[in-house]
Amino acid sequence: MVDGPAHVKKLTLPQLGELAGEIRQELIDGLAKGGGHLGPNLGVVELTIALHRVFNTPVDKFVWDVSHQVYVHKMLTGRKDRFRTIRQSGGLNGFALRTESVHDCYGAGHAGTALSAALGMAAARDQKGGKEHVVCIFGDAALTNGISFEALNNISHTTKKFIGILNDNEWSIAKNVGAISAYLNKLITNPRYNQLARDFQGFVRRLPKGELALKLAHKAEEGFRGALNEVGMQKTDALLDADGRGGHGSPVIFEEMGVRYLGPIDGHDLPLLISTMEFAKTCDHPIVIHVLTKKGKGYEAAIKSPEKFHGTGPYDVKTGDSAPVKAGTPPNYQDVFGQTMVKLCRKDSTVVGITAAMPSGTGLKYLEKAMPERYYDVGIAEEHAVIFAAGMATMGFHPVCAIYSSFLQRAYDCIHHDVCLQDLPVIFCMDRSGLSANDGPTHHGVFDIAYLRCMPNVIAMAPANEDELADMMFTATHERHPTFIRYPRGTAEGVPVKEQPKLIPIGKAEIVENFSNQGKQKVALFGLGPMCAIARQAAVELIAAGHDVAVINPRFTKPLDAGTHEFFASAADLVITLEDHVVMGGYGSAVLELLSEKAITTPVIRIGWPDQFIEHATTQDELRKKYGLSVENTVAKAKGYFAKAGTEVVRLTAIA
Ligand SMILES: Cc1ncc(C[n+]2csc(CCOP(=O)(O)OP(=O)(O)O)c2C)c(N)n1
């Protein structure tokens, strides 16, 4: 296999074909053990080979949207030997990462950023008088995202040199949704566009080398473009939509935005991809090449189940099956969330579910199946999802926005301006609050407490187990204010979920274990959400070591249960707060603020993620251990404190 982009340039066409086969096999075999974004990468094998054949990174720049489809690019840029470490501790990151390679010029993990970033690079190049190419590779689902359109709106008046590659496989993670996706479908199935595209392809394939040939090529492309726009203007009855609209009066959107459009072309036809890119390289105007690819190409199991293989766990190469879940494994939080949504919607006609292109990731697929009329997939459009929910809330609904904690960051202004400022009862269910270990820092959801607790009107909760998640969701549907529920990725605690959820009093913590009051040194452990289980285990060890320990499940980060915190902190010799969130501005900080206001001087040790971006790793437990969000560290911190303080308990001001 090749070991760098220069090598790709030396191979003959048949050798490039062989290379594509080898890469596919390595993707299928190499990801079987640890999982990863298999389907999207199988779809871009030829596309990526063609890119490296025609362009010259790191001088030329490739900007990938989301960048979950860069595995082939990683293999072709000197990282093939480490490919099987991808998404594992100490191994390659699953996304483009500037610190990993000079060939990764722009990092991502969230969708919709590539066109803007690439345009910024093109503008910078123009400022510097540079000659390099900037190529932006974006999926059809990126076009459900507003930022992509904000960038498209700016391309033609910002630069003359910009190459976009629309990688259209008709899938987001689930099937792509919305009018733009329907529009792209119309474009690729329109017989007249297709005839034009075929004509153009025939021409590009025969493209000879040399200045004169190129001039002719550009002339011919002008002709193609004229014909394309003419087709856009013509109306044909045979192509009318069922409702009488269209038919096909719709012009090519990119052309309307001042960007030349080439395509659609077969994204698995290597020679065609290469000549089309060679042609695009010589254009002195922005251009988008519409490339049709198949998600999962070359692996039957992935073609059959594109959603599962978008981002899969480990699988059996022969069958594509995942390992069966061991009997007795607790359900995932996302499943409990999804099933509870169905329950709530059945009982309460004001509840609806909204997802931004994540029906299976969030678990909202249960609602899609059971009550499709109460389910909205708005595409990769978190801002729209939140404002859409705000609109529904003004009409008496309790919309539930199921959005991962890290993706919700994008909709921060909407949370402020549309939901909180107007005090609307939108419910936010934030899965992946805490780490998304193998995805890494783009997906870790460790900032939401900090970014939400400063906002007036917010009610913010974190369940200690799956039953409490259902109770909190039920409670939220009775609220008249914005409510936020954060819960982690993966398996829950394994407690039974009641048939009928119950209301939880707002701002009330749960006392899991009280002090025994036998005159020993007292430690109050406040364990938020999944950290409550860690607090309980630490309590067992601390009690065994001769301490008097109380464990509190705070449940709310806002409003904080002032009475309970005050009481236990005053009674304790040491307070330890535990949270699956950055310590800076998080739950422990809220406790410190409260204690400071009440002039309670019991020392406080905050356990949570430090003030840095946390890397990816194979498992969350590894990272928790490394950064001290563990039973051992909690016990060690407490023992260390008392050892320093001696047997006589001292009152200090709060310590971090
Ligand atoms: C802001 C944001 N929301 C949601 C996601 C989750 N997500 C990752 S990839 C993806 C679909 C991407 O589809 P597309 O761009 O068409 O690329 P494909 O995988 O089909 O090649 C989604 C929704 C994300 N990464 N970022």
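Residues numbered from 1 in each chain as written. Predicted model: local features only at pLDDT ≥ 70, side-chain atom pairs only at ≥ 80, totals over all residues. Heavy atoms only, no water.

### Observations regarding the overall build of the protein chain
- Counting its regular elements, the protein chain contains 26 helices and 17 strands.
- Here the C-alpha radius of gyration of the protein chain, 28 Å, is about what a compact globule of 656 residues would show, namely 26 Å.
- Projected onto its principal axes, the C-alpha positions of the protein chain cover 95 × 55 × 50 Å.
- By residue count, 58% of the 656 residues in the protein chain fall in the buried class.
- Here the analysis covers contacts within the protein chain between residues at least 6 apart in sequence; of these, 77% occur between residues at least 24 apart.
- Each charge sign in the protein chain was given a centre, from 68 positive and 72 negative side chains, and these centres are 3 Å apart. (Helix = DSSP H or I, 4+ residues; strand = E, 2+ residues; numbered from the N terminus. Rg over C-alpha atoms; globule rule 2.2 N^0.38 Å. Buried < 20%, exposed > 50% of the residue type's maximum accessible area, 1.4 Å probe, protein only. Contact = heavy atoms within 4.5 Å. Lys, Arg positive; Asp, Glu negative; His and termini not counted. Charge placed at Lys NZ, Arg CZ, Asp CG, Glu CD.)

### Things to note about the site of the ligand
- Near the ligand you find 23 residues, and of these His68, Gly109, Ala111, Trp171 and Glu382 are the closest.
- In the environment of the ligand, an oxygen atom lies 2.7 Å from a nitrogen or oxygen atom belonging to the side chain of His68.
- Asn169 places a polar side-chain atom, nitrogen or oxygen, 2.9 Å from an oxygen atom of the ligand.
- Contact with the protein chains covers 98% of the free accessible surface of the ligand, which is 580 Å². (Near = heavy atom within 4 Å. Polar contact = N/O pair within 3.5 Å; in protein donor to acceptor, adjacent residues only side chain to side chain. Areas by Shrake-Rupley, 256 points an atom, 1.4 Å probe, with all protein chains shown as cover.)

### Digging into the nonpolar core
- Formed by 88 residues in total, the largest nonpolar core has its most connected members in Leu27, Ile49 and Leu51.
- In this view, Ile49 contacts Val8, Leu16, Leu19, Ala20, Ile23, Leu76 and Leu270; residues no more than four positions away in its chain are not counted.
- Residues Ala464, Val523, Ala617 and Ala638 belong to the second largest nonpolar core, which totals 33 residues. (Core = buried A, V, L, I, M, F, W, Y, C linked by side-chain atoms within 4.5 Å.)

### Observations regarding the packing of helix α6 (residues 114-128) against helix α7 (residues 146-155)
- Packing of α6 against α7 brings their axes to within 7 Å, and their N-to-C directions diverge by 30 degrees. Classified by the angle their axes make, α6 and α7 are roughly parallel. Residues Leu115, Ser116 and Leu119 of α6 touch α7, and the partners they reach there are Ile147, Ser148, Ala151, Leu152, Asn154 and Ile155.
- For the contact of α6 with α7, a count of residues per class yields six nonpolar, three polar and no charged. (Axes fitted to C-alpha atoms, helices over the stretch in contact; angles between N-to-C directions. Parallel < 35°, antiparallel > 145°, perpendicular 65-115°, else oblique. Nonpolar A, V, L, I, M, F, W, Y, C, P; charged D, E, K, R; others polar.)

### Observations concerning helix α4 (residues 45-54)
- The element α4 is largely enclosed, with a buried count of nine among its 10 residues.
- Those residues of α4 lying buried are Val45, Glu46, Leu47, Thr48, Ile49, Ala50, Leu51, His52 and Val54.

### Quick look at the sheet that holds strand β2 (residues 134-139)
- Judged by pairing direction, the sheet is parallel, and its five strands sit side by side in the order β1-β2-β3-β5-β4 without closing on themselves. Each edge of the open sheet is held by one strand with a lone partner, namely β1 (61-64) and β4 (260-266). Adjacent strand axes in the sheet meet at a mean angle of 20 degrees, parallel and antiparallel pairs treated alike.
- Across four bridges, the pairing between β1 and β2 is parallel. Bridging across to β2, Phe62 finds its partner in Val135.
- Strand contacts of α4: β1, β2 and β3 (163-168), with the helix running at about 155 degrees to β1, the strand carrying the most contacts. (Pairing = 2+ DSSP bridges.)

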